[in-house]
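# A structural walkthrough
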Amino acid sequence: MARGKRAKYIFITGGVLSSLGKGITSASLGLLLQQRGYTVTIIKMDPYINVDPGTMNPLQHGEVYVTEDGAETDLDLGHYERFLGVQMTRMNNATTGQIYHTVITKERKGQYLGKTVQVVPHITNEIKRRMTVFDRDYDIVIVEIGGTVGDIESLPFLEASRQLVLERGRTQALHIHLTYVPYVKAVKELKTKPTQHSVKMLMQSGIQPEILVCRTEYRLGKEIRNKIALFCNVEPEAVIEALDLETIYEVPLQYLRQNLDTIVARKLRLKSARPSLRRWSRFVRRIKQPVREVRIALVGKYVKVPDAYKSIHEALIHAGAVHNTRVNVEYVDAEAVEQSKLEDLLGAVDGAIVAPGFGVRGIEGKIRAVQFLREHRIPFFGICLGMQCAVIEFARNVCGLTGAHSAEFDRRAKHKVIDLMPDQRDVTMKGGTMRLGSYPCILKEGTLAYRAYRKKVVQERHRHRYEVNNQYREILQQHGMVFSGLSPDERLVEIIELPGHPWFLGTQFHPEFKSRAVTGHPLFISFVKAALERHQGESDDV
Ligand code: GLN
């Protein structure tokens with residue numbers, strides 16, 4: 001909604017090394033400010049040239065997060081949504097590729113009227129435009145600048161943020177720098193030099209960070225804080241300690257204890273009372289000290305990089321917290337399923353998820369895993385490709401359709417029970433052309449899905465090219481498969497389930513993208529409950 005006022009800006013940069021958790025820091029600060037009563041959104045600026053992360057390999061980049069409006073984005077947007085409960089859009093993630101694409105397209109149209117098009121000001125102006133697209137929609141916009149200070153590719157982003165602080169004034173925008181304070185065992189000391197260098201590097205770009213958030217394995221202590229403050233030209237209270245914690249959801253509480261929100265509020269002249277975070281604290285307690293435990297296997301092919309399944313992992317944690325239960329997620333390599341014994345891999349778990357994915361690698365392992373879970377009556381949750389595997393398995397082993405497969409893996413399969421969606425047939429460009437984003441799904445009353453959601457129409461997010469082949473619906477149904485969720489025109493199968501099994505459900509969409517901290521997602525909550533029941537049933541037997 002358009003407002004008269006303009007937003008205030010907080011830029012988050014990272015130094016010394018990558019993977020310090022800028023995303024979690026941005027989301028945590030966002031939560032604190034939101035709880036003070038402000039509307040907050042977060043923008044992620046990614047310095048790479050890819051136009052979007054949609055075609056990037058999860059092994060390199062982690063999960064591709066899908067927004068309601070169908071953008072394939074960086075996984076940090078998932079953290080933002082999970083912490084803030086605010087919907088992200090395609091405008092919340094910008095890459096160098098997108099920025100250049102826009103500028104070059106304008107140049108081709110002759111819109112620069114023959115001028116020389118340059119990094120400064122044309123690229124930086126476009127970056128500033130992307131940084132300020134929500135200027136009148138939110139009270140506060142946090143901009144996370146990807147990469148590490150010192151990288152060549154983040155320079156234009158730093159320059160754009162410097163200009164914005166200058167243009168808007170220091171009460172309207174500020175920089176927070178996330179850095180690392182290593183502990184050197186040999187001398188038993190925390191070392192501040194890398195932080196000093198990293199701040200110096202920022203200052204070379206004309207940026208004086210006003211707050212430093214220091215990742216560290218040990219308490220910083222007053223002396224180290226003062227030293228960092230002095231050498232980096234910040235107030236001692238603005239040196240925030242970011243200790244390693246048991247769960248990412250504890251980070252906002254750690255920042256609250258050190259008054260990060262108050263310091264930001266003072267600098268940006270925000271007059272508001274401190275947040276209490278009572279519900280959030282209870283949620284964190286339930287994660288840290290739950291009363292029960294379950295084992296959930298996640299069968300996928302990117303298991304060596306758990307970031308590839310970030311949203312599923314977090315959705316399980318949220319659902320666990322609802323039941324006051326620790327969910328121990330065990331990653332099972334789909335390719336290992338092909339070789340080793342299923343009993344060893346899945347025999348003792350309380351439930352299993354078969355993961356989304358693309359490409360043939362590991363597919364037979366996933367199908368065999370589904371068969372094992374179905375036959376052994378172990379709660380099964382299939383997501384996207386996982387659901388398609390369940391249909392293939394059922395077709396082959398229950399309906400007797402030998403050679404049933406997905407057209408994705410065998411174009412000449414005798415029974416293509418999973419086939420390319422009609423509107424995907426002419427697609428040649430791989431980027432951004434799948435069925436993406438939110439679509440409605442109508443639930444059938446009396447089904448497991450309906451009992452979980454407790455409503456008739458749900459909106460869920462998609463990312464796929466293939467679907468259940470409608471020619472096989474009847475035979476699948478005759479053998480007991482229920483299509484409990486369909487698109488409003490009934491043309492597309494969205495949810496499948498098997499009544500009679502304790503919990504067997506697959507979704508064509510990705511429910512994990514809509515699970516939020518504190519509240520969780522209905523399907524994950526229901527699935528973890530089933531796992532819990534199996535777990536308790538087993539211990540009762542003993
Ligand atoms: N590869 C499958 C498809 O395109 C499943 C996609 C997914 O799991 N996200 O339909």
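Structural data are supplied above this passage.
We now turn to the structure provided with this report.

Calculation notes
Residues numbered from 1 in each chain as written. Predicted model: local features only at pLDDT ≥ 70, side-chain atom pairs only at ≥ 80, totals over all residues. Heavy atoms only, no water. Axes fitted to C-alpha atoms, helices over the stretch in contact; angles between N-to-C directions. Helix = DSSP H or I, 4+ residues; strand = E, 2+ residues; numbered from the N terminus. Parallel < 35°, antiparallel > 145°, perpendicular 65-115°, else oblique. Left-handed = near helix turned anticlockwise from the far one by under 90°. Contact = heavy atoms within 4.5 Å. Nonpolar A, V, L, I, M, F, W, Y, C, P; charged D, E, K, R; others polar. Phe/Tyr/Trp six-rings, centres within 6.5 Å; stacked < 30°, edge-to-face > 60°. Buried < 20%, exposed > 50% of the residue type's maximum accessible area, 1.4 Å probe, protein only. Lys NZ or Arg CZ within 6 Å of the ring centre and 35° of its normal. Salt bridge = Lys/Arg side-chain N within 4 Å of Asp/Glu carboxyl O. Pairing = 2+ DSSP bridges. Polar contact = N/O pair within 3.5 Å; in protein donor to acceptor, adjacent residues only side chain to side chain. Core = buried A, V, L, I, M, F, W, Y, C linked by side-chain atoms within 4.5 Å.

### Concerning the packing of helix 1 (residues 22-35) against helix 3 (residues 76-84)
Between two packed helices, what matters for the description is the angle formed by their axes and the separation of those axes. Two numbers describe how helix 1 lies on helix 3: the axes approach to 9 Å, and their chain directions differ by 25°. Considering their axes alone, helix 1 and helix 3 lie roughly parallel with respect to each other. Considering only the axes of helix 1 and helix 3, their crossing is right-handed. From helix 1, G23, I24, S26, A27, S28, G30, L31 and Q34 reach across to helix 3, where they touch D76, H79, Y80, F83 and L84. Here the contact of helix 1 with helix 3 is composed, by residue class, of six nonpolar, six polar and one charged.

### Considering the packing of aromatic side chains
For the coordinates displayed, the defined rule picks out 15 aromatic pairs. On the basis of an interplanar angle of 25° and a centroid distance of 5.3 Å, the ring pair of F83 and Y249 is categorised as stacked. On the criterion of sequence distance, the pair formed by F83 in helix 3 and Y249 in the loop between strand 11 (239-243) and helix 9 (251-257) is long-range, its members being 166 residues apart. In this pair, the class of F83 matches that of Y249, namely buried. Relative to Y309, the ring of Y302 lies with its centre 6.2 Å away and its plane at 35°, an arrangement referred to as tilted. A residue is classified by how much of its surface remains accessible, and Y302, at 11% relative accessible area, is buried. Among the aromatic residues, ring-to-ring pairing joins F83, Y249, W280 and F283 into one connected group. A cation over an aromatic ring shows up here: R435 above the ring of Y439, its NZ or CZ 4.1 Å from the ring centre.

### Quick look at the pattern of salt bridges
A side chain of one charge can pair with a side chain of the opposite charge if their charged atoms are brought near each other. Tallied over the full model, the rule gives 36 salt bridges. Residue D135 is joined to R6 by a salt bridge in which the shortest nitrogen-to-oxygen separation is 3.2 Å. Residue D135 is located in the loop between helix 5 (119-131) and strand 6 (140-145), and its partner R6 is located in the segment before strand 1 (8-14); the two are separated by 129 residues in the primary sequence. In this structure, the salt-bridge partner of E467 is R491, at a minimum N-O distance of 3.6 Å.

### A word on the pairing of strand 1
Strand 1 sits mainly inside the fold: seven of its seven residues count as buried. Of the two faces of strand 1, the one carrying K8, I10, I12 and G14 and the one carrying Y9, F11 and T13 are both buried. Here five bridges tie strand 1 to strand 6, and the two strands are oriented parallel to one another. For F11, the partnering residue across the bridge sits in strand 6 and is V143. Direction of pairing for strand 1 relative to strand 7 (residues 173-180): parallel, over a ladder of six bridges. From the neighbouring strand, G14 faces strand 7, where its bridge partner is L178.

### Some thoughts on the sheet that holds strand 5 (residues 93-95)
Pairing within the open sheet is parallel, and its seven strands lie in the order 5-2-6-1-7-10-11. The open sheet terminates on both sides in strands that have one partner only, identified here as strand 5 and strand 11. Across the sheet, the mean angle separating the axes of adjacent strands is 20° when strand polarity is ignored. Pairing analysis gives six bridges linking strand 2 (residues 40-46) to strand 6, with the strands arranged parallel. Within strand 6, the position partnered with T41 by the bridge is V141.

### A word on the side chain of E494
With respect to the helices, strands and loops of the structure, E494 is situated in strand 22 (residues 493-497). Of note is the side chain of E494, whose polar atom sits 3.3 Å from the side chain of R435. Once residues lying within four places of it in the same chain are set aside, the contact partners of E494 are M387, R435, P440, C441, H462, G485, L486, S487, G506, T507, Q508 and F509.

### Some points on the nonpolar core
For soluble globular proteins, nonpolar side chains are generally found buried alongside one another. Ranked by internal contacts, the top residues of the largest apolar core, which has 77 residues, are I10 and W280. Here this core gets six residues from one element, more than from any other, and that element is helix 1. Ignoring sequence-local partners within four residues, the contact set of I10 consists of L29, L33, I140, V141, I142, V143, L174, I176, V264 and L268. Counting 45 residues, the second largest nonpolar core, distinct from the first, contains I378, I392, A395 and M481.

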